Every structure is written in structure tokens, then in C-alpha cells.
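The primary structure of each chain is shown beneath.
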Amino acid sequence: MTNDDYTAIKMFIEDMPGVVQPRLFSTPIVSNMEKPDIIRLIYAINQHPCKTTSESVNENMSKKVHEKCRNPNIQAVCPHGYVLKVTNSMDTKNPGLIDGQNQMMLYLKAGTFNVPKPVKNVNGLYMSAERINGAQVDEFIENNDNERAASSRYMVRLLTFVPGKTLYEVPYTAQLFHECGEYIAKMDNVLQSFKHESISSRCFIWMLSQTPDLKKFAFAVRDEKRHSLIMEVLDAWKNQVEPCLPRLDKGIVHGDFNEQNILVNEDPATASLYHIDGVLDFGDISESCYVFEVSITIMYIMIEVTSLPANDAGGHLLAGYLKHRELTDAEWSILKECIAARFAQSLVMGAYSYEQDPGNEYLLTTAAKGWDVLEAFWRVPKQEIYTRWREIIASYSR
């Protein structure tokens, strides 16, 4: 690539949220001494010592607390504890989106979905930008002089902790995939009446609608055969998906219903039998096409499944989904291309992000098996896949 090519890509990236850039932002680093003070001063509850875990963008601290608290906005202490979320300084500048995440969780919680519930602080607010004296300045501030005045100010929230295992932690089964489909459909049905301006106006690279932009990052896929496969998928998106877009139903969706965000619990009557029980991580919510939501989930369950053929996984999920929502002819016509596009999205952005952050093996999680699964899926004719899926769907009615 020429220097002009790299300059053009850099300019594009700077305008595209959700893309990893070296030293742009990092996890807010909060000292162990500071964490109890945050919970006590902002939420008026006392905690027991508990393990801290971090994500790439936020610092999440799971906290068990004493049963008594002085926060008038907490009627009963959550018996499972809480998760303290401290958002990095860059995302703190978008309070509308953080409010959208809170409101969506509250909306689903009111609809009996098992999701984290935002908790009001002592001032009756679900979030507040706090100056955390014990935090190290993160890279977004360090590399942006005009942000130094806001140094060490981060959005702080408290969510109820939802117990359970993730789908990734248990053996994959056709029954769990079927339940995944049911859960997505029910959630999409409930969210049809949920509206939030900041979510609806959101645009970032991990939205499936942004698939055409992958061409700007495809240079990171160095293997010629794999690069050619990605370009085939992108051409199929342009030729088959884009003409259908005006006919697709849209609404606010979770956007990342994958094995790491799906909660399961063990059946109390049958050991080693698990059921879908909830969903975590509302960081990728957006207004999107409903068929994209289904496609994203099918893609992720295909990667790790070993108990049945990967290409069959979608049939079991669709059998559950179709119990509660229909797929239109337009949605059926592009489903395979949408699933492949999510593979491409994850694989290309994983390769690009790894170039920006060498040594971060998490960024290559999908690549470990994803290339082979995509290749095997893409080479099977669409009608052959659909015929098999319809056979699986029909088997649930017998």
C-alpha cells in the first residue's frame, strides 16, 4: 500500500467508532483502595472484598455487599452483589448512549428478561461522571491535549450481578441453540416498542450494516486465499444484500448475542442439562435489521460447536426463532450472506486489530477456527443449506 492509502485509511478510522487504534483509549485503571470508596460514597453501600475483572474498554468490578445500605434508592440489596462499571474517558463523552444502555436494560428487566439492572446512586441517578483521583490517566486523554481539563473523569454505574455460566462454558447442544433462537425472537418482539434516539442514531464499525467498510481493512488479511474469500463475501453483500435493505424490518437490537454474553443455568432436576437464562453486555446495541441479529448469533454458535455439524447449527436456532417470529422472503433470501458477512467482519477486524495491538491473542479468537468454518459454510450452495435447515425446523414439529 502507498502512503496515501494508509493516510486515507487513518482518516476513515478516526471517523469510525468501534475501531481499535493504538493508544487511543484503554481500560480506566482504578486503584484497589479507590474502589470501595466509589461504592460507599456514590452508592452508600459497603462491600466485601471481591475479585476484579477488566474488559478492553471498561473496568468491571463484581462486588458482594453488606445487606444494609444507606442508599434510599435501593429498596433491597441484590443478594448476588453488584458490578461496578467505570467507563473509559472517550466513551464517557457519549452519555446519551450510556443512558440508552441503561434504559434498554431497565426495559427488558421490566419485561421479565434476566439482564443486569442499573441501580440509582444516592442522588437518584443511574450514572454520573466522577473524577477518580486514584485512576491513572488513560491514553485518550494522554494523546488529546484538549481533553486534559477532563482528566480522570469517568462515567460510573452500578449494575446488579446476574449469576450463571456463559454458553461458552457448557457443552453446546441442539436444544441450547433452539432456546437461543427463542430468546432472540422474544427479545426482539419486546424491543419493537422500545425507542431511544441515541441508540437509533448510532453508527459504528461492528454494525453489520457497515460490512462494505471492511474493504478498507481487508489489507490486514495477508493470506491470498483468505483475502479472496473475504472479497467474495463482500461482493455477495453488495450484489444480494444491499438491494434488499429497504425491505428489511428494523428495530433496536442487542447486537452481540454471542456465546460469551448468553447466560445459562443448570436444570435443577437434571444434572448437566442447561437452559438459556439471560443476556449480558449491552455495549453493541443499535437500531438494525432483525435478520442481522439472527445472523450474528448463528455465526458465533457455528464456530465452537462439535456435537453436531457446524452448518446444521443455524437450523436448530431458526427452529426456535420461528416459533415466535417469522422470517420474510427477503430475509430468507440473504440470510446466508449475512452470516458470512459477520464471519468476515470478525475475521477482518480481528486481523486489523491484531496489527495495531500485536500480542493480544484475544483479538484472534475467531480466527482460530473461524476461517475453516467460513470456508466450509461458504462453499455449500445456499439452497442445499436452506433445505437442510428446513428439515431440521420441520423435525421440531413432529
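Basis of the calculations
- Residues numbered from 1 in each chain as written.
- Predicted model: local features only at pLDDT ≥ 70, side-chain atom pairs only at ≥ 80, totals over all residues.
- Heavy atoms only, no water.
- UniProt positions renumbered as here; feature names shortened; annotations may be inferred.
- Helix = DSSP H or I, 4+ residues; strand = E, 2+ residues; numbered from the N terminus.
- Buried < 20%, exposed > 50% of the residue type's maximum accessible area, 1.4 Å probe, protein only.
- 1 Å grid on protein atoms, 1.4 Å probe; cavity = no way out; pocket = protein on both sides within 12 Å on 5 of 7 lines; lining within 4 Å.
- Points joined across faces, edges and corners; volume = space filled by probe spheres on them.
- Nonpolar A, V, L, I, M, F, W, Y, C, P; charged D, E, K, R; others polar.
- Expected span 1.5 Å × (residues − 1).
- Arc of directions from axis to C-beta.
- Core = buried A, V, L, I, M, F, W, Y, C linked by side-chain atoms within 4.5 Å.
- Contact = heavy atoms within 4.5 Å.
- Axes fitted to C-alpha atoms, helices over the stretch in contact; angles between N-to-C directions.
- Parallel < 35°, antiparallel > 145°, perpendicular 65-115°, else oblique.
- Left-handed = near helix turned anticlockwise from the far one by under 90°.
- Phe/Tyr/Trp six-rings, centres within 6.5 Å; stacked < 30°, edge-to-face > 60°.

Under the annotation held in an unreviewed UniProt entry, the protein chain carries the name Hydroxylysine kinase and is attributed to Meganyctiphanes norvegica. Recorded in UniProt for the protein chain, the comment headed Function (unreviewed entry) runs: "Catalyzes the GTP-dependent phosphorylation of 5-hydroxy-L-lysine."

Colleague: Help me understand unusual backbone geometry, please; the structure alone is not making it clear to me.
Modeller: Outside of glycine, negative phi angles account for most residues, and trans bonds account for most peptide bonds. Despite not being glycine, Ala 44 shows a phi value in the positive range, around 55°. With respect to the helices, strands and loops of the structure, Ala 44 is situated in the loop between α2 (34-43) and β1 (45-47). Here the phi dihedral of Thr 112 falls at roughly 70°; this positive angle occurs in a residue that is not glycine. For Thr 112, a relative accessible area of 72% corresponds to the exposed category.

Colleague: Even after reading the chapter, I still don't get empty space enclosed by the protein, so can you show me in this structure?
Modeller: Rolled over the atoms, a probe sized like a water molecule indicates the empty space that remains. Using the criterion set out here, one finds 1 cavity of 30 Å³ or more in the structure. Taken as a whole, the largest cavity encloses approximately 80 Å³ of empty space. If you trace the largest cavity, you find it lined by Phe 204, Trp 206, Met 207, Leu 208, Val 253, Gly 255, Asp 284, Ser 286, Ser 288, Phe 292, Glu 293 and Ile 296. Elements with a contribution of two residues or more to the lining of the largest cavity: β12 (286-289) and α9 (290-304). Per element, the largest residue contribution to the lining of the largest cavity is 3 residues, and it comes from α9. Of the residues that constitute the lining of the largest cavity, the class distribution is 7 nonpolar, 3 polar and 2 charged.

Colleague: Got a minute to help me understand helix α13 (residues 382-395) in this structure?
Modeller: Since there are 3.6 residues in each turn of an α-helix, residues three or four apart along the chain are aligned in direction. If you check α13, its first and last C-alpha atoms are 20 Å apart, about what 14 residues at 1.5 Å a residue would give, namely 20 Å. Taken residue by residue, α13 has Lys 382, Ile 385, Tyr 386, Trp 389, Ile 392 and Ile 393 as its buried positions. Projected down its long axis, α13 shows its buried positions confined to an angular sector of 120°, all on one face. Among the exposed residues of α13, those pointing more than 90 degrees away from its buried face are Gln 383 and Glu 384.

Colleague: Is there a simple way to explain the nonpolar core in this structure?
Modeller: Most often, soluble globular proteins have nonpolar side chains that are buried together. Grouped together as the largest cluster of nonpolar side chains are 90 residues, with contacts concentrated most on Leu 167, Leu 318, Leu 335, Ile 339, Phe 343 and Trp 389. Here the element with the most residues in this core is helix α11 (residues 329-356); it accounts for 15 residues. Once residues lying within four places of it in the same chain are set aside, the contact partners of Leu 318 are Val 294, Ile 298, Leu 327, Trp 332, Leu 335, Trp 389 and Ile 393. Ile 39, Ile 74, Val 86 and Ile 132 belong to the second-largest nonpolar core, a separate cluster that totals 15 residues.

Colleague: Help me out: how do you make sense of the layout of surface pockets in this one?
Modeller: Taken as a whole, the second largest pocket holds about 180 Å³ of empty space. The residue inventory of the lining of the second largest pocket, partitioned by class, reads 8 nonpolar, 3 polar and 2 charged.

Colleague: Explain the packing of helix α8 (residues 224-241) against helix α12 (residues 367-378) to me, please; I cannot follow it from the model alone.
Modeller: Two quantities define a packed helix pair, namely the angle between the helix axes and the distance between the axes. For the pair α8 and α12, interaxial distance at closest approach is 11 Å and the crossing angle is 50°. Comparing the axis directions of α8 and α12 gives the class oblique. Crossing geometry of α8 relative to α12 is assigned as left-handed. Contacts from Lys 225, Arg 226, Leu 229, Ile 230, Glu 232, Val 233 and Ala 236 in α8 reach Trp 371, Leu 374, Glu 375 and Trp 378 in α12. Taken together, the residues of the contact of α8 with α12 break down into 7 nonpolar, no polar and 4 charged.

Colleague: What is the right way to read the packing of aromatic side chains from this model?
Modeller: One pair of aromatic rings is described through two measures. These are the centre distance and the angle between the planes. Scanning the model with the defined rule gives 9 aromatic pairs in all. Judged by centre distance (5.6 Å) and plane angle (75°), the ring pair of Tyr 172 and Phe 177 falls under edge-to-face. Judged by its relative accessible area of 0%, Phe 177 is buried. Between the aromatic rings of Tyr 183 and Phe 257, the centroid separation amounts to 5.9 Å while the plane-to-plane angle is 15°, which identifies the pairing as stacked.

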